Amino acid sequence: MLIARPEERGFRVIDAYSRIVRLGEGVGSNRLLSAAAMDRAIDALANCHRKLADRGVARSRLIATEACRAAENGADFIERVQKETGLALEVVNRETEARLAVAGCASLVDHDADGVILFDIGGGSSEIVWLDLRNRCGARGYALTRFIRSWISLPVGVVNLAERHGGVHVTPDIFEAMVEDASEHLASFSLANSLTEAISSGKVHMLGTSGTVTTLAGVHLGLKRYDRRRVDGTWLEDSDVSRMIDQLRDMPYEARVENPCIGADRADLVLAGCAILEAIRRRWSCSRLRVADRGLREGILTELMAADGVWAHRKSDRRDRGRLRNRK
C-alpha cells in the first residue's frame, strides 16, 4: 500500500505498508486460493484499511492481480475482503497491469534511450513490455505509456515456478529447468524479432521492477540492510547481473535466509525470479539494466493524479502568475 500527496513534480509518499502474504500459493496446482493464504491476505488488508482511514484518504484504487485472475475462488475472496475489511478490490486484466508498471517506472527511463524492455516479475505472472521510443519527441515520465509497442504477460511467477521446481535446494539442473520453463512462454511475444532488431542499435536498456532485481542490486551493492534509496535507480551492467545470478544460485538456502537483502520471506523464491530474469536475458540481450524499487502502486498513484488533473492545474497556475508579472 502506498499513500501519497501530489506535488509540483510527482508526489510525496505519506505512508507505505508491505507484507508478503503469498496469496497465490498452490493456485498453480489446484486453481484455488487456500484458506491460509486468504487469511494472511485479509489480515494484511485489514491493516491497510486502518491506515487509509487514519490518513483520511480521499481517492484510491485497490487492485488484485494474477492470483485472483487464475483462482476459481478469486471472486469469493474479493467478496470476503469487502465483507471483512470494507475494501473493494478490483481484479485488473494483464494489459492494465502492464500499463501500470510502465506508469510507475517511467521516470527511470534513460532520456537518451531508443527503447526499453520493462519487466515486472510477480508471484503468479510476469509482465514484459517493449517501449519503442525512437519517435518519442522528448516525451518523458507518464507520457511514455503512449509508446508501448508490444507486451506480454507470462503465466509464470516466482511462487508458481518455485512450487513446480523447488526453491529451497536448487541445483544447477533445477535452475536450468526453471529457465527453460519460463523461456517456453516467451515464444508468443509479438514483434519479438522487431525488438531484437531495435536492440542491435545499442540504445535499448532493460528496466526491472520486482523483488528479484532489487535483491540482485542489494547484494551487488553489499548492503548490510536493504536501503530503497540506494537500490532504486541503480544501473547494473550485464556482467554484474550474470555475476549476481551465479552468486545467488551458488548460495545455500541457509545463506539466502541470512542475507539482509533476501531474508526468510524470499529465500525460497529468489532463484525462481533469477530464472525468469535469465530467460528474458537469453532471449533479448541488453548491456544495461536499471533497477526500480517501484511499480504498480506508483503507477496507480500517477494515473489517479493525472486523471484528477493536479499537475495540469499547477501548470496553468504558473502560466497565470507569469502573465500577471508581465503585466506589472
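Residues numbered from 1 in each chain as written. Predicted model: local features only at pLDDT ≥ 70, side-chain atom pairs only at ≥ 80, totals over all residues. Heavy atoms only, no water.

A separate point is unusual backbone geometry. Look at R31: it is not a glycine, yet its phi comes out positive at around 65°. Structurally, R31 can be placed in the loop between helix 1 (27-30) and helix 2 (35-55). Judged by relative accessible area, R31 falls into the partly exposed class, the value being 42%. (Helix = DSSP H or I, 4+ residues; strand = E, 2+ residues; numbered from the N terminus. Buried < 20%, exposed > 50% of the residue type's maximum accessible area, 1.4 Å probe, protein only.)

With their axes 10 Å apart at the nearest point, helix 9 (residues 211-221) and helix 11 (residues 238-249) run at an angle of 95° to one another. By the criterion of interaxial angle, the relationship of helix 9 to helix 11 is roughly perpendicular. In this structure, helix 9 contributes T215, L216, V219 and H220 to the contact, and helix 11 contributes D240, V241, R243, M244, I245, Q247 and L248. Looking at the contact of helix 9 with helix 11, its residues break down into 6 nonpolar, 3 polar and 2 charged. (Axes fitted to C-alpha atoms, helices over the stretch in contact; angles between N-to-C directions. Parallel < 35°, antiparallel > 145°, perpendicular 65-115°, else oblique. Contact = heavy atoms within 4.5 Å. Nonpolar A, V, L, I, M, F, W, Y, C, P; charged D, E, K, R; others polar.)

Considering the arrangement of structural elements, one finds V231 in helix 10 (residues 228-231). Note on V231: relative accessible area 0%, which makes it buried. Among residues more than four places away in sequence, those in contact with V231 are T214, A217, G218, L221, L223, Y226 and V291.

To continue, consider the pairing of strand 2 (residues 11-16). Alignment of strand 1 (residues 2-6) against strand 2, held across 5 bridges, turns out to be antiparallel. The partner of P6 across the bridge, within strand 2, is F11. Linking strand 1 back to strand 2 in an antiparallel pair, the connection comprises 4 residues, with G10 at a positive phi of about 85°. (Pairing = 2+ DSSP bridges.)

Examined against the element boundaries, T302 turns out to sit in helix 15 (residues 296-308). You can call T302 buried: its relative accessible area is 10%. Discounting chain neighbours no more than four positions away, the residues touching T302 are F11, A103, Y142 and W311.

If you look at the biggest cluster of nonpolar residues, it comprises 54 residues, and the most contacted ones within it are I117, F119, I128, L248 and W284. For this core, the element with the highest residue contribution is helix 14 (residues 270-283), accounting for 9 residues. The contact partners of I128, leaving out residues within four places of it in the chain, are I117, L118, F119, S150, W151, I152, L154, L186, F189 and I280. By size, the runner-up hydrophobic cluster in this structure holds 25 residues, among which are V27, L52, A64 and I78. (Core = buried A, V, L, I, M, F, W, Y, C linked by side-chain atoms within 4.5 Å.)

Another aspect to go through is the side chain of D132. With respect to the secondary-structure elements, D132 resides in strand 6 (residues 126-132). Overall, D132 belongs to the buried group, its relative accessible area being 14%. Side chain to side chain, D132 and R149 meet in a polar contact 2.6 Å long. Other than its neighbours up to four places away in sequence, D132 contacts D114, F147 and R149. (Polar contact = N/O pair within 3.5 Å; in protein donor to acceptor, adjacent residues only side chain to side chain.)

Moving on, we come to the pairing of strand 5 (residues 115-121). Most of strand 5 sits out of view: 7 of its 7 residues are buried. When strand 5 meets strand 6, the two strands line up antiparallel, connected through 7 bridges. Counted as the bridge partner of L118 is V129 from strand 6. Between strand 5 and strand 6, which pair antiparallel one after the other, the connecting turn spans 4 residues. One ladder, built from 5 bridges, connects strand 5 with strand 8 (residues 204-209); its direction is parallel. Residue pairing in the sheet places V116 in a bridge with H205 of strand 8.

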